Amino acid sequence: MKKFLCFTLLCALFLTLLCGCSDKDKQTENTEPDTTATEPATEPSTETPTAPPTEPTTEAPTEPEGLQLNMDLLNDIGLTYDQLTEKYGELIKYNSPHGGYAYNFKNGHGSYNFYGADVLIANSAYTYYNKLYITKQNNIYYNHIPNDDQGDFIPIPKEDAECCSIEDIKATDIFVNVTDTVLISDIKNIDGMIVKSDTHEHALDFDPPTPGAPKYVSSFQLKGYDHIIITFSHENFDSIDSDSILDLHFPPKR
């Protein structure tokens, strides 16, 4: 009997120890770290996001500048003969209109005039003359290449004589980058432009009228250039074109 009890107690102790080990194994399993593979964390991108394309902007068109005067031409008034030949080249034509002396230069704009005592005349005691080889046609002398040593003497302005007028200029030469029609109203709107004599018929200024002269005349002066009268001779009442004529001259003496 005692042997049986001892055997039973040993079996019970053994079972108790066995159950305890089993519980420890389960706890160990529950406490072991989870070794399941995880996705590596994505590093933040350092690239700058590309902005969506923008529609091209169209700049507002530049407002065209108003009608502008060729001041270089206006400044020819007051130049000496030597200054004009330096600026426009050799003399190619000489005339004597209105009792004065007019000179045309190779690259000039019209007939450049020196009046009265500003020009030395023939038989003068001075020697400011230039011997040109010229041909006379319709009372106008034209320069030409001579076939011999014969030539005519023509008077040349004194060294200090200043050009007092320019006649027979193509009217559009007085404007910058203009080759066709210009409205008289646009000329009036030029900054500083003053109407000297509004558009009227040419016949009102000349009696008898100059044969072949354009029908209308319009005259202006520019502030700061009050010593110059700008006169247009034109066929159309309200406009000038490349066939119109421009004269620049000193105001008449009172």
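Residues numbered from 1 in each chain as written. Predicted model: local features only at pLDDT ≥ 70, side-chain atom pairs only at ≥ 80, totals over all residues. Heavy atoms only, no water.

Bringing unusual backbone geometry into the picture now. Not every positive phi belongs to a glycine, and Asp168 is a case in point at roughly 60 degrees. Tracing the backbone through its elements, the reader meets Asp168 in strand β8 (residues 165–170). Its identity as a non-glycine residue notwithstanding, Asn177 has a phi of 55 degrees, on the positive side. Tracing the backbone shows Asn177 in the loop between β8 and β9 (182–183). (Helix = DSSP H or I, 4+ residues; strand = E, 2+ residues; numbered from the N terminus.)

Our focus in this paragraph is the packing of aromatic side chains. Following the criterion strictly, the structure yields nine aromatic pairs and no others. Aromatic pair Phe220 and Phe232: ring centres 6.1 Å apart, planes at 70 degrees, arrangement edge-to-face. Remark: Phe232 occurs in strand β12 (residues 225–234) and Phe220 occurs in strand β11 (residues 216–222); sequence separation between them is twelve residues. Side by side, Phe220 and Phe232 carry an identical accessibility label, which is buried. Put simply, the rings of Tyr81, Tyr88, Tyr94, Tyr103, Phe105, Tyr112 and Phe114 touch in pairs and so form one group of aromatic residues. (Phe/Tyr/Trp six-rings, centres within 6.5 Å; stacked < 30°, edge-to-face > 60°. Buried < 20%, exposed > 50% of the residue type's maximum accessible area, 1.4 Å probe, protein only.)

In this section: the confidence of the model for the chain. Averaged over the chain, the pLDDT score is 74; the fraction of residues at 70 or greater is 55%. Here residues 121–130 is a poorly scored stretch, pLDDT under 50, and it has 18 contacts once near neighbours within four places are set aside; other chains count. Predicted confidence is poor over residues 145–150, with pLDDT under 50, and the contacts of this stretch with residues over four places away or in other chains come to five contacts. (pLDDT = per-residue confidence, 0-100. Contact = heavy atoms within 4.5 Å.)

The next thing to look at is the pattern of salt bridges. On inspection of all chains with the given rule, the structure shows three salt bridges. Where Lys87 meets Asp72, a salt bridge forms, and the shortest distance between an N and an O atom there is 3.1 Å. In this pair, Lys87 sits in helix α3 (residues 81–88) while Asp72 sits in helix α2 (residues 71–74), placing the two residues 15 residues apart along the sequence. Judged by its relative accessible area of 43%, Asp72 is partly exposed. Linked through salt bridges whose partners overlap, the residues forming this network are Asp72, Asp76 and Lys87. (Salt bridge = Lys/Arg side-chain N within 4 Å of Asp/Glu carboxyl O.)

A word on a negative patch on the surface. Where like charges cluster on the molecular surface, the negative patch consists of Asp82, Glu86, Glu159, Asp160 and Glu162. Locating Glu159 in the fold gives a position in the loop between β7 (152–155) and β8. You can call Glu159 exposed: its relative accessible area is 54%. (Patch = residues over 30% accessible without salt bridge, like charges linked within 9 Å, V, L, I, M, F, W, Y side chains within 5 Å. Areas by Shrake-Rupley, 256 points an atom, 1.4 Å probe, with all protein chains shown as cover. Lys, Arg positive; Asp, Glu negative; His and termini not counted. Charge placed at Lys NZ, Arg CZ, Asp CG, Glu CD.)

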